[in-house]
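Chain and residue survey
Listed below, chain by chain, are the residues.
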Amino acid sequence: MKDNVLSLSLIMRLFKKEKKKIAIIVLSFTTIMLIVSYFLPHKYESYATLMPPSNKEGSGLSSFLQSFAGGAGGIMLGGVGKSNQSNVFADMLKSRTISRYINKKLKLTDYTPYRDFENEIAMFDFISENIDVVVEKTSGIISVYSVSETGYFPGENDKLLSSKLSAEIANTAIEALDYFLRHKSISTAKQTKEYIENEINNYKIQLNTIESQMEKFQSEHKVLAIEEQTTAIVQQAIEVGKELAEAKVELAVLSNELNPNSAQIKAIKDKVLTLQNQYESIQTGGLVESDAFAFPLKQVPTLLKEYARLLRERKVLEQVTLYLETQRHQEAIQEKKDIPIVEVLDKAEVPYKRIAPSRKIIAILSFSLSLLVALGYVLMRAYKQGSIIIEREG
């Protein structure tokens, strides 16, 4: 009776005795599962890699405005960092907009997995689920993975189409990303150009107003080049003042020597009076009334201040207008420029091996599971036949 009590040695003997039956069960189940694997949907995965987005310092209108904002204390404009840009690219690749572009370009509804969806949104979500994007934290390199699968009972042609489709989806996703980025760039350049053109017109109106004010100011105050004119007037006053001083000295000397009524004294007095009138005329606006470029010296500070203000405003407006004209040409070039923004490091290639089903894994799992089932079956059958007795305590 003890020979029938459940023990490790009894189990080993039982298994050895029933090894043929166990082998048949295991091999049959494993073979069946391997055969079934040929009729399961086959999955293929392809991937492409992208260079991290370039993070060039802007030289357009935004950087110009930022420079006027005053450095760190001013308004901060501009984009995000390189790592964040890579994440933005990754999110865009998973968007429905990209899925819609892929579906339209590749006509995915002609393929088995994409035919039976309730609506487009469900299909777009399915496309997004089969696209995986990984961003390398250190380098910012973006890897785009795409999975495509056949239907049940796939033929060789189905497998080939599915493998090609996995590569086409990955490459088309990148193409879509580049298309929308370029479209956005061109659209932004167009809007910026229109904004700059409006600003140029506004600044030209202001510039015309300032120039009219300068013209009126110069006409009213006889100002052409105020610094040079002031220098000339001062030099003229110095010369007349010098002659006046000399004439007064000469008059004082001769007054002690000659009769006050003499012709010479009278002539010198006339000269002093003439020079005195000339000196005062210079101070108040020129030697003669018809002098087109003379103005009172006492007005020089006020005139100089007003002229400097008008000149400064004109030069600022001229510089800003010149800069905006340059930017308008740059934005016009950008609007017409149609070059790739996304830099592809590795293009997706057609995979030659499926990723599922894995017959190696199926064989291992089938063998393990069928072995456990076969051993359990043998033990249960022996127990029911009384070949094994399980002793119970007590």
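Look up a bit, the structure's there.
Read on for a plain summary of the structure. All of these numbers come straight from a predicted model, not from anything done at the bench.

Cut-offs used in this document
Residues numbered from 1 in each chain as written. Predicted model: local features only at pLDDT ≥ 70, side-chain atom pairs only at ≥ 80, totals over all residues. Heavy atoms only, no water. Helix = DSSP H or I, 4+ residues; strand = E, 2+ residues; numbered from the N terminus. Contact = heavy atoms within 4.5 Å. Areas by Shrake-Rupley, 256 points an atom, 1.4 Å probe, with all protein chains shown as cover. Core = buried A, V, L, I, M, F, W, Y, C linked by side-chain atoms within 4.5 Å. Buried < 20%, exposed > 50% of the residue type's maximum accessible area, 1.4 Å probe, protein only. Pairing = 2+ DSSP bridges. Axes fitted to C-alpha atoms, helices over the stretch in contact; angles between N-to-C directions. Salt bridge = Lys/Arg side-chain N within 4 Å of Asp/Glu carboxyl O. Expected span 1.5 Å × (residues − 1). Arc of directions from axis to C-beta. Patch = residues over 30% accessible without salt bridge, like charges linked within 9 Å, V, L, I, M, F, W, Y side chains within 5 Å. Parallel < 35°, antiparallel > 145°, perpendicular 65-115°, else oblique.

**Focus: the overall build of the protein**
- When you go through the protein residue by residue, the secondary structure sums to 11 helices and 4 strands.
- For the protein, contacts bridging at least 24 residues in sequence account for 81% of all contacts bridging at least 6.
- Looking at the protein as shown, the accessible area adds up to about 25600 Å², and 57% of this sits on carbon and sulfur atoms.

**Quick word on the nonpolar core**
- Formed by 29 residues in total, the largest nonpolar core has its most connected members in Ile102, Leu108, Ile127, Ile131, Ile169 and Leu177.
- With near-sequence residues (within four places) excluded, leucine 177 lies in contact with Leu50, Phe89, Met92, Leu93, Ile98 and Val342.

**Details of the environment of leucine 372**
- Along the polypeptide, leucine 372 turns up in helix α11 (residues 359–385).
- Separated by 346 residues in the primary sequence, leucine 372 and valine 26 place their C-alpha atoms 9.0 Å from one another.

**Regarding the sheet that holds strand β2 (residues 131–135)**
- The 4 strands lie next to each other as β2-β3-β1-β4, forming an open sheet whose pairing is antiparallel. Unpaired on one side and paired on the other, β2 and β4 (344–346) mark the two borders of the sheet. Strand-to-strand twist across the sheet, computed as the mean angle between neighbouring axes with direction ignored, equals 30°.
- Summarising the sheet, strand β1 (residues 43–50) and β4 pair through 2 bridges and their orientation is antiparallel. Within β4, the residue paired with threonine 49 across the bridge is aspartate 346.

**So, the pattern of salt bridges**
- Tallying each qualifying case throughout the model produces 10 salt bridges.
- For the salt bridge of arginine 96 with aspartate 125, the shortest nitrogen-to-oxygen distance reads 3.0 Å. Of this pair, arginine 96 sits in helix α5 (residues 96–106) while aspartate 125 is found in helix α6 (residues 120–129), placing the two residues 29 residues apart along the sequence.
- Note on arginine 96: relative accessible area 40%, which makes it partly exposed.
- Given the relative accessible area of 27%, aspartate 125 is considered partly exposed.

**A closer look at helix α2 (residues 19–37)**
- Taking 1.5 Å of rise per residue, the 19 residues of α2 would be expected to cover 27 Å, and the 27 Å separating its terminal C-alpha atoms lies within 8% of that figure.
- By the burial criterion, the buried members of α2 are Ile22, Val26, Thr30 and Ser37. The buried residues of α2 occupy one face: seen down the axis, they fall within an arc of 45°. Facing away from the buried side of α2, by more than 90 degrees, are the exposed residues Lys20 and Leu27.
- Elements that come into contact with the buried residues of α2 comprise α1 (8–17) and α11.

**Comments concerning a nonpolar patch on the surface**
- Taken together, the side chains of Ile35, Tyr38, Phe39, Tyr152 and Phe153 make up a nonpolar region of the molecular surface, amounting to roughly 610 Å² of accessible area.
- Secondary-structure assignment places tyrosine 152 in the loop between β3 (142–149) and α7 (156–221).
- A residue is classified by how much of its surface remains accessible, and tyrosine 152, at 62% relative accessible area, is exposed.

**Remarks on the packing of α5 against α6**
- Contact geometry for α5 and α6: axes closest at 9 Å, N-to-C directions at 100°. As judged from the angle between their axes, α5 and α6 are roughly perpendicular. The segment α5 lies against α6, with Arg96, Ser99, Arg100, Ile102 and Asn103 engaging Ile121, Met123, Phe124, Asp125, Ile127 and Ser128.

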